[in-house]
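Topology and contacts: notes
Here are the chains, one letter per residue:
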Amino acid sequence: MACTKYCQKADLDNETSCFKCYGYNKSSVEKIPRCRFHAQLTDHAGSLIVTFFGENAEKFLNYAAEELIHMPNVNSTT
């Protein structure tokens, strides 16, 4: 999740049960989902791990983060 004001990481604060923004250190911020994933790229010279996030990740996957959080987990055993 990200804060709508600064688009910084927003995590759930266990003490207050509210989302806290790291951009300006406030709790109870409005939040928006953000997309992030890792991929390993390999060619004849070797491989490296890259991270896609935000709009670039959404464009690569052709889904908005809001859509992705409602998709079932394909690795789930349930």
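Since this is a predicted model, take the numbers as computed values, not measurements. The numbering scheme is per chain: residues are counted from 1 as the chain's sequence reads. In keeping with the predicted nature of the model, local features appear solely for residues at pLDDT of at least 70, side-chain atom pairs appear and are counted solely at 80 or more, and the whole-chain, interface and lining totals rest on all residues. With hydrogens and water stripped out, all remaining heavy atoms of the structure feed into the side-chain values.

**Comments concerning the overall build of the protein chain**
This is how the line gets drawn: Put simply, DSSP H or I for four residues or longer makes a helix, DSSP E for two residues or longer makes a strand, and each gets a number counted from the N terminus. Whether a residue is buried, partly exposed or exposed follows from its accessible area with a 1.4 Å probe, protein chains only, as a fraction of its type maximum: under 20%, in between, or over 50%, in that order. Contacts: residue pairs with any heavy atoms within 4.5 Å of one another. Only the protein chains shown count as cover for residues, and all accessible areas are computed by the Shrake-Rupley method using a 1.4 Å probe.
Across its full length, the protein chain carries 2 helices and 7 strands. The helix and strand sequence of the protein chain, counted from the amino end, reads β-β-β-β-β-β-β-α-α. Relative to its full complement of 78 residues, the protein chain shows a buried share of 18%. Taking the intrachain contacts of the protein chain between residues at least 6 apart in sequence as the baseline, contacts between residues at least 24 apart amount to 23%. Put simply, the protein chain shows about 6,500 Å² of open surface, and 50% of that area lies on carbon and sulfur atoms.

**Some points on the packing of aromatic side chains**
Stated formally: For this analysis, a ring pair means two rings from Phe, Tyr or Trp (six-membered ring only for Trp) whose centres lie within 6.5 Å, classed as stacked if their planes differ by under 30 degrees, edge-to-face if by over 60, and tilted for the remaining angles.
Summed over the entire model, instances satisfying the criterion amount to 3 aromatic pairs. On the basis of an interplanar angle of 35° and a centroid distance of 5.8 Å, the ring pair of Phe37 and Phe60 is categorised as tilted. Taken together, the positions of Phe37 in strand β6 (residues 36–43) and Phe60 in helix α1 (residues 54–61) put the pair 23 residues apart, joining distant regions of the chain. The class for Phe60 is exposed, based on a relative accessible area of 55%.

**Things to note about the environment of Arg34**
Among the secondary structure elements, Arg34 is positioned in the loop between β5 (31–32) and β6. Overall, the relative accessible area of 36% leaves Arg34 in the partly exposed class. When the C-alpha atoms of Arg34 and Ala2 are compared, they prove to be 6.3 Å apart, with 32 residues separating the residues in sequence.

**Points about the confidence of the model for the protein chain**
Filter applied, for reference: What pLDDT reports is the predictor's confidence in each residue, on a scale of 0 through 100.
With 60% of its residues at a pLDDT of 70 or more, the protein chain shows a mean pLDDT of 78. Looking over the protein chain, one finds the lowest element-wise mean pLDDT in strand β4 (residues 26–27), namely 63, and the highest in strand β7 (residues 46–53), namely 94.

**A few points about the environment of His70**
Inclusion rule: Polar contact is the term for a pair of N or O atoms within 3.5 Å; when the atoms are in protein, one must be able to donate a hydrogen and the other to accept it, and sequence-neighboring residues count only if both atoms are side-chain atoms.
Within the element layout of this structure, His70 appears in the segment after α2 (65–68). Side-chain polar atoms of His70 contact the side chain of Glu66, separated by 3.3 Å.

**Overview of unusual backbone geometry**
You will see that Asn62, though not glycine, has its phi angle at about 60°, which is positive. In this structure, Asn62 sits in the loop between α1 and α2.

**Observations regarding the pairing of β7**
Formally: Two strands form a pair only when DSSP identifies at least two bridges running between them.
In this structure, β6 lies alongside β7, joined through 8 bridges in antiparallel fashion. The residue of β7 that forms the bridge with Gln40 is Ile49. Counted between consecutive antiparallel strands, the loop separating β6 from β7 contains 2 residues.

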